[in-house]
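Chain and residue survey
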Amino acid sequence: MRLLHTSDWHLGQTLHNFDRTYEHQCFLDWLLDTIVAEEADALLIAGDVFDTSNPSAVAQRQLYRFLQQARARAPRLDIVIIAGNHDSPGRLEAPGPLLEAHGTRVVGHVMRDAEGSVDLERFIVPLTGKDGAVKAWCVAIPFLRPGDVPRVASQAAGDDAFDAYLAGIRLLYQQAYDLARARAAEGQAILAMGHCHMVGGDASPDSERRIVIGGTEALPASMFGPDVAYAALGHLHLAQRVGQQEHLRYSGSPLPLSFAEVGYKHQVLRIDLDGMRAAAIEPLHVPRAVELLRVPASPAPVKQAIAELGALDLPDLPRDVWPYLEVRVLLDAPEPGLRAQVEAALEGKPVRLAKIEPTRRVVTTAGVEPALSLDQLAQLQPDDIFRRLWQQRFGEDAPDDQLAAFTELLLPTDGTARNREAA
């Protein structure tokens, strides 16, 4: 059985106010061709299908047109979609009954019965091979908010390391695995899907936001049992293994979502199952429809930056494929006319000016960090600022107990802060 794993499409996303519908459509067209060429049996889409919980009509139309065309071109293809933290579970699931009739299963909500128990059945999805027989069972679990998970009491009073949210996530996954094992016959694989942040995961700079303040949402690889043939994960935008294990993977986003990903090759993963295990896992690189440029390559004085912009020699392309440009300048003082100079240097060139990234030149002394750029400042979280201030005042890293106390201030016991950040 052959699977394709993808995630974090972020349909409807704009890059510094530039619409990316064309790029997303190029990816979806490529994916359709890839499904056919690779003779895939199932497509696993691990969350963040849309960029916002209220996607535009254009973004929704792109998704549903893709699903219709995928089914038409690969009639036996099974498609499983889970909601990510950017998605609205209700909006994503709304056409579920219609989509299921055409081979697509969408799991967005955690639902409960009259007694308040989680409905585990809806997480278990059978996947069929080319002969129509069930070859694998997929445990498809969407992004879990604190109110979604079962309540777990601390095993020991005064256990400061205990986190009821993480414990609830582990319990829910475990209960779903147990049900999948009960369903699976001899020779049928068990797969997992999740939209979460795993311990040690490498985030893409400038394009991701933490699901929960303080990093306490990171989950251990041990939550995936040894009998899980493959775990298809979403949320982190860089493709990577989890815990150095080949079968636990993030596919990453198919499009660059920030200029930090200029030189990065985006991918979809192809997984070949041999009975109950993953026999081969290979990346399929996604062609980049629109290039990203950073000029100069590193921040440079204004005069040098303007000279390099003026020397840009770009091919004459249709407007939809004009590259996006980030201009990186090093400033000694405020430069009120900077944008006008940049626009004049780019006059008539087939390029889209996406951002000007100014970095203030700072003469550093021992023990003093250089100033941050505006983008770097925007990415700081409260705990990052706490760590920096502690380092400045005391000349050492903040102790774990102080970090824990600060995190507790941000996450009241009633869960309101955590719920707000998770949303």
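Residues numbered from 1 in each chain as written. Predicted model: local features only at pLDDT ≥ 70, side-chain atom pairs only at ≥ 80, totals over all residues. Heavy atoms only, no water.

**Observations regarding the confidence of the model for the protein**
Averaged over every residue, the pLDDT of the protein is 87; the share at 70 or more is 86%. Across residues 212–216, confidence stays below pLDDT 50; counting only partners more than four residues off in sequence or on other chains, it has 16 contacts. Confidence over residues 414–423 falls short of pLDDT 50; this stretch has 21 contacts with residues more than four positions distant or in other chains. (pLDDT = per-residue confidence, 0-100. Contact = heavy atoms within 4.5 Å.)

**Re the sheet that holds strand β6 (residues 104–107)**
Taken together, the 6 strands give an open sheet; going across it, the order is β6-β5-β4-β1-β13-β14, and neighbouring strands pair in mixed fashion. Lying at the two open borders of the sheet, with one neighbouring strand each, are β6 and β14 (277–285). Each neighbouring strand pair of the sheet contributes to a mean axis angle of 20°, computed without reference to strand direction. Pairing of strand β1 (residues 2–6) with strand β13 (residues 267–274) involves 4 bridges; the strand directions are antiparallel. Across the sheet, L3 pairs through a bridge with I271, a residue of β13. (Pairing = 2+ DSSP bridges. Helix = DSSP H or I, 4+ residues; strand = E, 2+ residues; numbered from the N terminus. Axes fitted to C-alpha atoms, helices over the stretch in contact; angles between N-to-C directions.)

**Considerations on the packing of aromatic side chains**
Aromatic rings considered in pairs are described by the distance between their centres and by the relative angle of their planes. Summed over the entire model, instances satisfying the criterion amount to 8 aromatic pairs. Between W9 and F27, the aromatic rings sit 5.6 Å apart at their centres with planes inclined by 75°, giving edge-to-face as the arrangement. One end of the pair, W9, is in the loop between β1 and β2 (14–15); the other, F27, is in helix α1 (residues 21–37), with 18 residues separating them in the sequence. On the accessibility criterion, W9 (0% relative accessible area) is buried. Arranged with centres 5.7 Å apart and planes meeting at 45°, the rings of F18 and Y324 form a pair that is tilted. Linking F18 in strand β3 (residues 18–19) with Y324 in strand β16 (residues 324–331), this pair joins segments that are 306 residues apart in sequence. When its relative accessible area of 24% is taken as the criterion, F18 is described as partly exposed. Site record: aromatic cluster; members linked through ring pairs are W9, F27, W30 and F66. (Phe/Tyr/Trp six-rings, centres within 6.5 Å; stacked < 30°, edge-to-face > 60°. Buried < 20%, exposed > 50% of the residue type's maximum accessible area, 1.4 Å probe, protein only.)

**What to know about the nonpolar core**
Within the largest apolar cluster, 57 residues are counted, with the highest numbers of intra-cluster contacts made by L127 and F224. It is helix α5 (residues 164–183) that provides the largest number of residues to this core, a total of 9 residues. Ignoring sequence-local partners within four residues, the contact set of L127 consists of M1, L3, A42, L44, D78, V80, A133, V134, K135, A136, C138 and L191. Of all hydrophobic cores here, the second largest spans 31 residues; its members include W9, L67, L99 and V106. (Core = buried A, V, L, I, M, F, W, Y, C linked by side-chain atoms within 4.5 Å.)

**Looking at the sheet that holds strand β17 (residues 352–360)**
Ordered in space as β15-β16-β17, the 3 strands form an open sheet in which the pairing is parallel. Looking along the sheet, the strands with just one partner apiece sit at the ends: β15 (292–301) and β17. Neighbouring strand axes in the sheet, compared pairwise and without regard to direction, differ in orientation by 15° on average. As judged from the 6 bridges shared by β15 and β16, these two strands associate in the parallel manner. If you follow R294 over to β16, its bridge partner there is E326.

**Section: the environment of D19**
Take D19: it is sitting in strand β3. Between the alpha carbons of D19 and D320 there is a distance of 9.7 Å; along the sequence they are 301 residues apart. Beyond its immediate chain neighbours, meaning those up to four positions away, D19 contacts T14 and Y324.

**What to know about the pattern of salt bridges**
Enumeration according to the criterion identifies 19 salt bridges in this entry. Between R73 and D33 there is a salt bridge; the shortest N-O distance is 3.0 Å. A residue pair is termed long-range when its members are at least 10 positions apart, and R73 in helix α2 (residues 57–73) and D33 in helix α1 qualify at 40 residues. We classify R73 as partly exposed; its relative accessible area is 42%. Classification of D33 as partly exposed rests on a relative accessible area of 44%. D178 is the salt-bridge partner of R181, the closest N and O atoms lying 2.8 Å from each other. Taken together, the positions of R181 and D178, both in helix α5 and 3 residues apart, correspond to about one turn of that helix. Relative accessible area serves as the criterion here: at 29%, R181 is assigned to the partly exposed category. Where salt bridges share partners, they join R294, E326, R328, K355 and E357 into one cluster. (Salt bridge = Lys/Arg side-chain N within 4 Å of Asp/Glu carboxyl O.)

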